[in-house]
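What the coordinates show
Below, each chain spelled out in residue letters.
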Amino acid sequence: MNSAKPPRTPGTRTSARPSARSAQSATLAEIAREAGVSAPTVSKVLNGRADVAPGTRTRVEELLRSHGYRRRRAEATRSPLIDVVFHELESAWAMEVIRGVENVARDEGLSVVLSESAGRLTPGRTWADQVAARRPHGVVLVLSGLDESGQALLTSRSIPFVVMDPAGDPGDDVPSVGATNWHGGLAATRHLVELGHTRIGAISGPARMMCSRARVAGYRAALETAGLPSDPDLIRPGTFYHDSGYRAGLELLRLPDRPTAVFAGNDLQALGLYEAARELGLRIPGDLSVVGFDDLPVARWVGPPLTTVRQPLTEMAEAAARLVLRLGRQEGPPSATRVELATSLVVRSSTGAPPA
């Protein structure tokens, strides 16, 4: 066997994960001896069984992680499931994501299991044990992620995972699917500039989420390209919910020199902004132009129909599901993969020229 290492391709980063050979250097029996337990106990930990003492479970998990153990595919009997984990399940776009995963799961003869991390950016240990016990074909994490111990737990069970629309930087070795958020913010703001607006506000999403930071960065880039100042007073922080858009909208629209247009971080914020404008007696788009982000079905139904940036949520979910299944069919550690789908501006009736 040729033991020479393959040459590194320029621009390719070497994964820190152990190779397929070294990952199997320790057997379950060897890990059991080192942990001072029986091989069936190690097997129980791998299978997410509850009848293992917490201290023993922690010791075994640390050894599995330090040895880079990875269960062989042939040993990893899979349930006909795809696990989908939401940062928060009660979101208007959750159905779009579920629809996309369901489309792929149906074609593959699989079912979908939904869970929620209750607002946390990483699911808890209980969830990880449940996934280990279910042994799904793969895990899709939406607006969430995994810490190092969570990644090691799934890797040791040969359960592939993909992060969709990651909250933060998922890292070079974590497969992920996202959208061109920066370009979406640029397109939304450029549209307002081309209509003649020079005082344009923005409502951001949570600062800890990479997608919301990218959208505001695109907004700033469009202003800079047009030679317009980025006024900090016109950028309001928020969350991706209706109430946030309403509160931030009141703050912006009550300014002495209020904006004539606002780019909202998502469609729900835009609907909250609609409510704030109505409360203050402002007409859309006569007195105020509004652009959202996501293009949820409700964007077409409101009055006036909302101009927004289409984020292809269903297609992103389909891509994430296909990717996680493809990774599950490969032997050895998966290579880092990043898929990014294009956003596009959908112009409707909520934008127009600024008031004279």
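Everything below is about the structure shown above.
Here's a quick rundown of the structure. Quick caveat: nothing in here was measured; it's all calculated off a predicted structure. (Residues numbered from 1 in each chain as written. Predicted model: local features only at pLDDT ≥ 70, side-chain atom pairs only at ≥ 80, totals over all residues. Heavy atoms only, no water.)

Interhelical geometry of helix H5 (residues 94-108) versus helix H13 (residues 313-329) gives an angle of 40° and a closest axis separation of 7 Å. Judged by the angle between their axes, H5 and H13 are oblique. In the crossing of H5 with H13, the sense of the turn from one axis to the other is right-handed. Packed against H5, whose contacting residues are Glu-96, Val-97, Arg-99, Gly-100, Val-101, Asn-103, Val-104 and Glu-108, the element H13 presents Leu-313, Thr-314, Ala-317, Glu-318, Ala-321, Arg-322, Leu-325 and Arg-329 at the interface. Split into classes, the residues belonging to the contact of H5 with H13 amount to 7 nonpolar, 3 polar and 6 charged. (Axes fitted to C-alpha atoms, helices over the stretch in contact; angles between N-to-C directions. Helix = DSSP H or I, 4+ residues; strand = E, 2+ residues; numbered from the N terminus. Parallel < 35°, antiparallel > 145°, perpendicular 65-115°, else oblique. Left-handed = near helix turned anticlockwise from the far one by under 90°. Contact = heavy atoms within 4.5 Å. Nonpolar A, V, L, I, M, F, W, Y, C, P; charged D, E, K, R; others polar.)

Turning to the packing of helix H10 (residues 242-253) against helix H11 (residues 267-279), a few remarks are in order. Relative to each other, H10 and H11 sit at 45°, their axes nearing to 6 Å. By the criterion of interaxial angle, the relationship of H10 to H11 is oblique. Considering only the axes of H10 and H11, their crossing is right-handed. Counted together, His-242, Ser-244, Gly-245, Tyr-246, Gly-249, Leu-250 and Leu-253 of H10 and Leu-268, Gln-269, Leu-271, Gly-272, Leu-273, Glu-275, Ala-276, Ala-277 and Glu-279 of H11 form the full contact between these two elements. Taken together, the residues of the contact of H10 with H11 break down into 8 nonpolar, 6 polar and 2 charged.

Burial along strand S8 (residues 261-264) is two-sided: the residues Ala-261 and Phe-263 and Val-262 and Ala-264 are all buried. Relative to S8, strand S6 (residues 200-203) runs parallel, the two sharing 4 bridges. The residue of S8 that forms the bridge with Ile-200 is Ala-261. In terms of strand pairing, S8 meets strand S9 (residues 289-294) through 3 bridges, oriented parallel. Bridge pairing in S9 places Val-262 opposite Val-290. Between the parallel elements S8 and S9, the chain passes through H11 in a crossover that is right-handed. (Buried < 20%, exposed > 50% of the residue type's maximum accessible area, 1.4 Å probe, protein only. Pairing = 2+ DSSP bridges. Right-handed = clockwise from strand over helix to strand, strands pointing away.)

Take the side chain of Asp-83 next. Within the element layout of this structure, Asp-83 appears in strand S1 (residues 81-86). Aside from chain neighbours lying at most four places away, what touches Asp-83 is Val-113, Trp-127, Val-131, Arg-134, Pro-136, Gly-138, Val-139 and Val-140.

Right, let's get into the environment of Ile-203. Its location among the elements puts Ile-203 in strand S6. Each C-alpha atom, one on Ile-203 and one on Asn-266, is 8.7 Å from the other, the two residues being 63 residues apart in sequence. If near-sequence neighbours (up to four positions away) are discounted, Ile-203 is found in contact with Arg-236, Gly-245, Ala-248, Gly-249, Leu-252, Val-262, Phe-263, Ala-264, Gly-265 and Gln-269.

So, about H5. An α-helical turn contains 3.6 residues, so any two residues separated by three or four positions project in the same direction. Counted at 1.5 Å a residue, the expected span for H5 with its 15 residues is 21 Å, and the 21 Å between its end C-alpha atoms agrees. Contacts from the buried residues of H5 go to S1, strand S2 (111-116), strand S3 (138-142), strand S4 (161-164) and H13. Taken from the residues just after H5, Gly-109 is the one with a positive phi, measuring 70°. (Expected span 1.5 Å × (residues − 1).)

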